[in-house]
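# Close look at the chain arrangement
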Amino acid sequence: MTRFSASKSVRSWGGVLQAPHNVARPGWRSELQRLVLSGRQEGYVLLASGLRRSYGDSGLNPEGGLIDMTGLDRMIALDPASRLMRVEAGTSFDAILKVIVRQGFFLPVTPGTRFVTVGGAIANDVHGKNHHRHGTIGCWVRRLGLVRSDGQELELTPDDASGLFQATIGGLGLTGIITWAEIELIPIQSAMIDAENIPFGDVDEFFSLATESEDDYDYTVSWIDCLSSGERLGRGIFTRGNHASTGSPLPDKGNTRLTMPVSLPGLAMNRYSISAFNALYFWNGQRKSGPLRTGLHPFFYPLDSIGRWNRMYGRKGMYQYQSVVPPAVQKDATRDMLKAISASGQGSFLAVLKTFGHVPSPGLLSFPSPGTTLALDFPNHGDVTLKLMARLDAIVREAGGRLYPAKDGRMSAEMFQAGYPAWQDFAKHVDAGFNSHFWKRVSQA
Ligand SMILES: Cc1cc2nc3c(=O)[nH]c(=O)nc-3n(C[C@H](O)[C@H](O)[C@H](O)COP(=O)(O)OP(=O)(O)OC[C@H]3O[C@@H](n4cnc5c(N)ncnc54)[C@H](O)[C@@H]3O)c2cc1C
């Protein structure tokens with residue numbers, strides 16, 4: 001019988017916050033209801049967790065009961081005719097891809113790592129390089145199971161009139177525990193991607209490339225040199241691609257041609273090493289620009305080939321900052337953020353710029369909205385890092401944008417509430433038996 005046991009230190013991907021939790025890892029769906037009730041009887045406020053790839057504190061619940069869902073990882077059904085796949089919520093995208101690609105299917109939406117669970121992906125309503133075409137994962141969820149803190153298991157569909165489905169998509173685990181989900185897959189003809197890398201000299205060129213690529217490419221994303229300045233502000237490498245119509249149907253094992261070589265041993269995280277790396281990476285991108293045919297792993301998951309790369313930030317960890325700003329102000333706001341980052345000398349080689357499209361998500365708290373998203377890591381240097389992020393907050397707020405809870409570990413309640421006007425509607429669906437460090441912080445009046 002699975003029980004909660006004390007764990008001294010649970011950390012998220014960014015590693016800034018580490019805290020004791022009471023963790024239980026069920027192996028059977030039939031155990032969940034009893035586990036939830038016993039956790040409540042022991043006085044724990046609960047939260048589900050997946051593969052802990054969220055950077056900040058949305059997946060942490062210090063001193064509470066954390067239900068680690070990674071033991072519930074069975075695939076239940078796949079109907080090739082309707083393309084509907086049903087899996088347990090702890091199943092990873094990695095495990096799913098190993099099965100579905102060779103059967104001619106792919107995930108409709110995938111984030112930049114395949115080491116996420118289905119439950120975690122739904123709870124953050126993740127987006128990928130194809131947001132402009134496919135929206136978020138929540139747009140593809142057709143049905144899910146949800147266990148509430150009273151032990152009841154509900155089955156929810158997008159036409160759910162109570163609003164609980166909409167609150168659970170992007171609901172940060174606060175509406176209950178997703179036990180399984182049914183997701184519509186997309187068909188593919190091969191396991192290859194026809195990609196193209198195009199260096200660009202500044203932010204304006206990025207926006208021209210994004211506009212030019214939207215209609216013809218399913219996937220677009222850019223790496224940017226966040227420390228470049230002046231005429232080179234926002235220079236980078238634009239990558240776009242489509243599933244190839246010919247080529248091997250078998251997935252590659254992770255051999256790479258587009259990987260960022262960031263696992264340099266003993267690399268010091270300072271402006272000189274980052275500038276040097278970025279210059280080298282940009283130069284290399286220029287040298288290797290043009291069309292190429294590549295496998296799924298190097299195209300979608302270049303960072304996964306480096307294992308636990310988050311450890312290179314050392315014991316103090318790192319913050320990730322991901323914002324989205326609306327189309328009308330996206331150019332100026334992006335430029336202002338890049339200027340602030342470049343002037344501060346902080347930042348990393350993991351800086352990504354992408355335009356989101358207009359496909360609406362069913363999720364009440366879903367992060368993506370039309371406009372431009374900028375995501376980058378900041379090594380945790382204490383006050384100077386917090387000060388820089390406060391400056392970025394001001395730009396994002398002025399622009400009418402918002403930050404991504406999956407990446408956040410410090411935004412203020414005001415910032416969250418301004419960015420997510422539906423948060424009070426959402427709050428009505430929060431199950432009082434569930435909470436997180438993030439929610440306690442941002443839901444204060
Ligand atoms: C290298 C890297 C690249 C990334 N790229 C992207 C990207 O391109 N796009 C993007 O959107 N995100 C991206 N992310 C973030 C990542 O996709 C999300 O944080 C994802 O939700 C993590 O899934 P997980 O299984 O690790 O969930 P966790 O981090 O463990 O949990 C995430 C949230 O889901 C809740 N949760 C987990 N399981 C359940 C469940 N069964 N029922 C209810 N709630 C649950 C938790 O309480 C928590 O609130 C990236 C992260 C990394 C490390």
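Residues numbered from 1 in each chain as written. Predicted model: local features only at pLDDT ≥ 70, side-chain atom pairs only at ≥ 80, totals over all residues. Heavy atoms only, no water.

## Some remarks on the overall build of the chain
Under the convention used in this document: Strands here mean DSSP runs of E at least two residues long; helices mean DSSP runs of H or I at least four residues long; both are numbered from the N terminus. The rule is simple: take the accessible area with a 1.4 Å probe, protein chains only, and divide by the maximum for that residue type; under 20% is buried, over 50% is exposed, in between is partly exposed. The charged-residue count follows a simple rule in which Lys and Arg add positive charge and Asp and Glu add negative charge, with His and chain termini not counted at all. Lysine's charge is taken at NZ, arginine's at CZ, aspartate's at CG and glutamate's at CD.
Assigned secondary structure in the chain consists of 13 helices and 19 strands. If you line up the chain on its principal axes, its C-alpha atoms span 60 × 50 × 40 Å. Counting all 445 residues of the chain, 60% fall into the buried class. Computed over 46 positive and 41 negative side-chain charges, the separation of the two mean positions in the chain equals 7 Å.

## Points about the site of the ligand
We count it as follows: Here a residue is near a molecule or strand as soon as one of its heavy atoms is found within 4 Å of it. Here a polar contact is recorded for every N or O atom pair within 3.5 Å, except that within protein the pair must consist of a potential hydrogen donor and a potential acceptor, and residues adjacent in sequence are included only if both atoms are side-chain atoms. Shrake-Rupley sampling with a 1.4 Å probe provides the accessible areas, and residues are treated as covered by the protein chains on show and by no other component. All residues other than Ala, Val, Leu, Ile, Met, Phe, Trp, Tyr, Cys, Pro, Asp, Glu, Lys and Arg, Gly among them, are scored as polar; the first ten of these are nonpolar and the last four charged.
Close contacts around the ligand come from 36 residues, with A48, G50, S54, T117 and Y404 the closest. Residue S58 places a main-chain N or O atom 3.1 Å away from an oxygen atom belonging to the ligand. Isolated, the ligand exposes 960 Å² of accessible area, and the fraction of that covered by the protein chains is 95%. Secondary structure elements with two or more residues in the shell around the ligand: β3 (46–49), α3 (118–123) and β10 (177–184). For the shell around the ligand, the element with the most residues is α3, which contributes four residues. A class-by-class count of the residues in the shell around the ligand yields 19 nonpolar, 14 polar and three charged.

## So, the sheet that holds strand β8 (residues 141–147)
Here is the rule: Two strands are said to pair when DSSP picks up at least two bridges between them. Only the contacting stretch of a helix is used when fitting its axis, a line to C-alpha atoms as for every element, and angles between N-to-C directions run 0 to 180 degrees. Contacts were defined at the residue level, with two residues in contact if any of their heavy atoms lie within 4.5 Å.
Ordered in space as β5-β6-β10-β8-β9, the five strands form an open sheet in which the pairing is antiparallel. Whereas interior strands pair on both sides, the edge strands pair on one side only; in this sheet they are β5 (75–79) and β9 (153–156). For this sheet the average axis-to-axis angle between neighbouring strands, irrespective of direction, equals 10°. In terms of strand pairing, strand β6 (residues 84–88) meets β10 through five bridges, oriented antiparallel. Residue pairing across strands places L84 opposite E184, the latter belonging to β10. Strands β8, β9 and β10 of the sheet are contacted by helix α1 (residues 32–41), whose axis makes an angle of about 145° with β10.

## Some details on the side chain of H429
Residue position: H429 is located in the loop between α12 (423–427) and α13 (437–442). What H429 contacts, discounting residues up to four positions off in sequence, is R148, S162, G163, L164, A167, T175 and L364.

## Topic: the domain arrangement of the chain
Put simply, the test is: All the domain ranges listed were derived from an automatic or database domain assignment. Computed with a 1.4 Å rolling probe, the buried area is the accessible surface lost when two parts are put together, summed over both parts. One speaks of a salt bridge when a side-chain nitrogen belonging to Lys or Arg is within 4 Å of a carboxyl oxygen belonging to Asp or Glu.
Domain boundaries in the chain define domain 1 (71–188) and domain 2 (192–410). Its C-alpha centre places domain 1 at a distance of 25 Å from the equivalent point of domain 2. Taken together, the contact pairs 33 residues of domain 1 with 35 residues of domain 2. Between domain 1 and domain 2 lies a buried interface of about 3000 Å² when both sides are counted; carbon and sulfur atoms form 61% of it. Among the residues domain 1 hides against domain 2, the three largest losses belong to K129, H132 and R133. Together they make up 26% of the total. Where domain 1 packs against domain 2, one counts two salt bridges. The residue D218 makes a salt bridge to R133 at a minimum N-O spacing of 2.2 Å.

## Notes on helix α7 (residues 271–287)
Spelled out, the test is: Residue count minus one, scaled by 1.5 Å, sets the expected span of a helix. Think of it as the arc spanned by the lines of direction from the helix axis to the C-beta atoms.
Look at α7: 24 Å from first C-alpha to last across 17 residues, which is about the 24 Å you get at 1.5 Å a residue. When α7 is considered as a whole, its buried residues turn out to be S273, I274, F277, N278, Y281, F282 and G285. Each buried residue of α7 lies within a common arc of 160° when the element is viewed along its axis, so the set occupies one face. Looking at α7, the residues exposed on the side facing more than 90 degrees away from the buried face are Y272, L280 and R287. Buried residues belonging to α7 abut β12 (192–200), β13 (219–224) and β14 (236–243).

## As for the environment of A390
Take A390: it is sitting in helix α10 (residues 383–399). Separated by 197 residues in sequence, A390 and I193 have C-alpha atoms that sit 39 Å apart.

## Some words on the packing of aromatic side chains
Heads up, the condition is: Note on ring pairs: Phe, Tyr and Trp rings are taken, using the six-membered ring of Trp, and paired if centres are within 6.5 Å. Classes follow the plane angle, with under 30 degrees stacked, over 60 edge-to-face and the rest tilted. Over a ring means this: the NZ of a Lys or the CZ of an Arg is within 6 Å of the ring centre and within 35 degrees of the ring normal.
This model, assessed by the stated rule, comprises 17 aromatic pairs. Ring centres of F106 and F300 lie 5.0 Å apart, and the angle between their planes is 35°; on these two criteria the pair is classed as tilted. Linking F106 in strand β7 (residues 105–106) with F300 in helix α8 (residues 296–300), this pair joins segments that are 194 residues apart in sequence. Residue class for F300 comes out buried when judged on its relative accessible area of 2%. For the ring pair F206 and F238, a centre distance of 6.0 Å and an interplane angle of 50° mean the geometry is tilted. Taken together, the residues F206 in helix α6 (residues 203–213) and F238 in strand β14 connect sequence positions 32 residues apart. Both residues of the pair, F206 and F238, belong to the buried class. These aromatic residues form a ring-pair network of at least three members: F416, Y420, W423, F426, F438 and W439. In this arrangement the basic side chain of R402 is found over the ring face of Y420, its NZ or CZ atom lying 4.7 Å from the centre.

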